[in-house]
Amino acid sequence: MRTERNLTRLDRVFARLDREPERPAHLDVPRMSRHRVALLSATLGFYLAIVWLVVTTSWLVRLDWQVMFFRPYQQWSGIHWFVDYYVVLGQRGPTAVMVAAWLGWRSWRQHTLRPLLTLGASLLLLNVTVGAAKIGMGRLGPHYATTIGSNEMGLGGDIFPSGHTANAVVTWGILAYLASTPRARRWLSALSAVTSLGVGLATVYLGTHWLSDVLLGWAAGLLVLLALPWCEPAIARAEDGLLDLRDRWRSRRPVPVPAPAAPVPVQVPLAARPAASQDDEAAAAREAVTAARAPRPPAYLAPGPHSGRSERTPVTPVGSRRPPHADRLPRGAAASATRPVTGG
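Residues numbered from 1 in each chain as written. Predicted model: local features only at pLDDT ≥ 70, side-chain atom pairs only at ≥ 80, totals over all residues. Heavy atoms only, no water.

Moving on, we get to the overall build of the chain. In terms of helices and strands, the chain carries twelve helices and zero strands. Here the chain, with 344 residues, has 29% of them falling under the buried criterion. A sequence separation of at least 24 residues applies to 75% of the contacts in the chain between residues at least 6 apart. Total accessible area computed for the chain in this model is approximately 24,300 Å², and 63% of it derives from carbon and sulfur atoms. (Helix = DSSP H or I, 4+ residues; strand = E, 2+ residues; numbered from the N terminus. Buried < 20%, exposed > 50% of the residue type's maximum accessible area, 1.4 Å probe, protein only. Contact = heavy atoms within 4.5 Å. Areas by Shrake-Rupley, 256 points an atom, 1.4 Å probe, with all protein chains shown as cover.)

This is the structure we're talking about:
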């Protein structure tokens, strides 16, 4: 009986990662609906109201000073270490790197540059709008305040609106904006809202921002997210241009030409060769071997007259046990000269 193992959630995640990247048939691109336009208008009105309340030194400015004198970082000093780490979720550098890594993986999986281009467009809008507001209003922060009860506007500061808060809203909210399913969009929207809310309160706790700075930072970040559908046509044109540029660059690259294969010599069977050619080849081989051999140097002969081998007198080698024979004659001498004469 065949049984199949039930796949766990982790197994399904790894199986999805192992699949080849594929571009989805339909990319859910948010449109500028009437609901979104109404929400954008309400947020813009809230933004302008906060600016007006601060410029006119209203009750909101007095609330800012009361919170500063309360000094939350002294009232709840036990959580100071946690808030120092948590506020990093609003810094543009670390958050942009983390979110860009995730969206880069999504771009590779979906064969589209839209996630990365949307993140770039949102950060560009954030830098332009929030940066212009900071420089234009020039409000000083709580640590640099000069007059109690003053709005501290136009004094060369760059604290209004809160950049940490606006960056947290945009950077984490872009994940909900690019979510592929309604359920994921709802969960990511709630998560980004809680994260940005905590980052804004963390800056108030540390005393680096007024409470009105945080309120305006929330509104500024939400305006950027709500205005992103107006940037979608420009994002689509930028994606097409980048892909066309990539295709042209690939077409201009020289195509490597494979090296021609060496010709294979045709070998003629020995039986088919004529006898004369075989003899010629053998003679040529012998000549080659003879030419390859180094000439032997001439034998060294001591100067003076030399006698032949047959004329040399045998010499007993040094150390030999054989007694010397003084009566030996050279080879070739008459045998009668060596034999004794006997009478008879």
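We now examine the packing of helix α2 (residues 34-55) against helix α10 (residues 211-227). Interhelical geometry of α2 versus α10 gives an angle of 155 degrees and a closest axis separation of 9 Å. By the angle between their axes, α2 is roughly antiparallel relative to α10. Our pair here, α2 against α10, has a crossing hand that is left-handed. In this structure, α2 contributes Arg36, Leu39, Leu40, Thr43, Leu44, Phe46, Tyr47, Ile50, Val51 and Val54 to the contact, and α10 contributes Ser212, Leu215, Leu216, Ala219, Ala220, Leu222, Leu223, Leu225 and Leu226. (Axes fitted to C-alpha atoms, helices over the stretch in contact; angles between N-to-C directions. Parallel < 35°, antiparallel > 145°, perpendicular 65-115°, else oblique. Left-handed = near helix turned anticlockwise from the far one by under 90°.)

Quick look at the nonpolar core now. By size, the foremost hydrophobic cluster in this structure holds 40 residues, and its most contacted members are Tyr47, Val99, Leu103, Met137, Phe160, Ile174 and Leu216. Elements with a minimum of two residues in this core: α2, α3 (59-70), α6 (92-110), α7 (114-137), α8 (163-177) and α10. In contact with Leu216, not counting residues within four places along its chain, are Tyr47, Ile50, Val51, Met137, Phe160 and Pro161. Residues Val83, Val87, Ala202 and Leu206 belong to the second largest nonpolar core, which totals five residues. (Core = buried A, V, L, I, M, F, W, Y, C linked by side-chain atoms within 4.5 Å.)

This next bit is on the environment of Leu222. Locating Leu222 in the fold gives a position in helix α10. Judged by relative accessible area, which is 32%, Leu222 ranks as partly exposed. When the C-alpha atoms of Leu222 and Leu40 are compared, they prove to be 8.2 Å apart, with 182 residues separating the residues in sequence. Beyond its immediate chain neighbours, meaning those up to four positions away, Leu222 contacts Thr43 and Val169.

Going through the model one piece at a time under the given rule, you end up with six aromatic pairs. Considering the side-chain rings of Trp65 and Trp210, the 5.1 Å spacing of their centres and the 50 degrees angle between planes classify their relative orientation as tilted. Of this pair, Trp65 sits in helix α3 while Trp210 sits in the loop between α9 (182-206) and α10; the two residues are 145 residues apart in sequence, bridging distant segments of the chain. For the pair formed by Trp65 and Trp210, the shared burial category is buried. (Phe/Tyr/Trp six-rings, centres within 6.5 Å; stacked < 30°, edge-to-face > 60°.)

Turning next to α8. Over its 15 residues, α8 extends 20 Å from the first C-alpha to the last, a length consistent with the 21 Å expected when each residue adds 1.5 Å. Across the 15 residues that make up α8, a large majority, 14, are buried. (Expected span 1.5 Å × (residues − 1).)

Our next topic: unusual backbone geometry. The linkage connecting Phe160 with the following residue, Pro161, adopts the cis geometry, with an omega of 5 degrees. Examined against the element boundaries, Pro161 turns out to sit in the loop between α7 and α8. Of note in this structure, His111 is not a glycine but carries a positive phi near 55 degrees. Topologically, His111 is positioned in the loop between α6 and α7.

What follows deals with the side chain of Arg36. Among the structural elements, Arg36 can be located in helix α2. Buried and without a salt bridge, Arg36 has Glu232 as its closest oppositely charged side chain, separated by 8.7 Å. With near-sequence residues (within four places) excluded, Arg36 lies in contact with Pro30, Arg31, Tyr177, Leu225, Leu226 and Pro229. (Lys, Arg positive; Asp, Glu negative; His and termini not counted. Salt bridge = Lys/Arg side-chain N within 4 Å of Asp/Glu carboxyl O.)

A grouping of Phe70, Trp76, Ile79, Trp81, Phe82 and Tyr85 is seen on the molecular surface, where their side chains present a nonpolar patch of about 750 Å² in accessible area. Element by element, the count of residues in the nonpolar patch is highest for helix α5 (residues 80-86), at three residues. Examined against the element boundaries, Trp81 turns out to sit in helix α5. (Patch = residues over 30% accessible without salt bridge, like charges linked within 9 Å, V, L, I, M, F, W, Y side chains within 5 Å.)

Scanning all chains against the criterion turns up four salt bridges. One salt bridge in this structure joins Asp64 and Arg139, with 3.1 Å as the shortest N-O distance. Here Asp64 is found in helix α3, whereas its partner Arg139 is found in the loop between α7 and α8, with 75 residues between them in sequence. Considered together, Asp64 and Arg139 belong to a single accessibility category, that of buried residues. One salt bridge connects Asp213 with Arg139, and the closest N-O pair in it is separated by 3.2 Å. With a gap of 74 residues between them, Asp213 in helix α10 and Arg139 in the loop between α7 and α8 connect regions that are remote in the sequence. Of the residues examined, Arg139 reaches a relative accessible area of 1% and is grouped as buried. Here the residues in one salt-bridge network are Asp64, Arg139 and Asp213, joined through shared partners.

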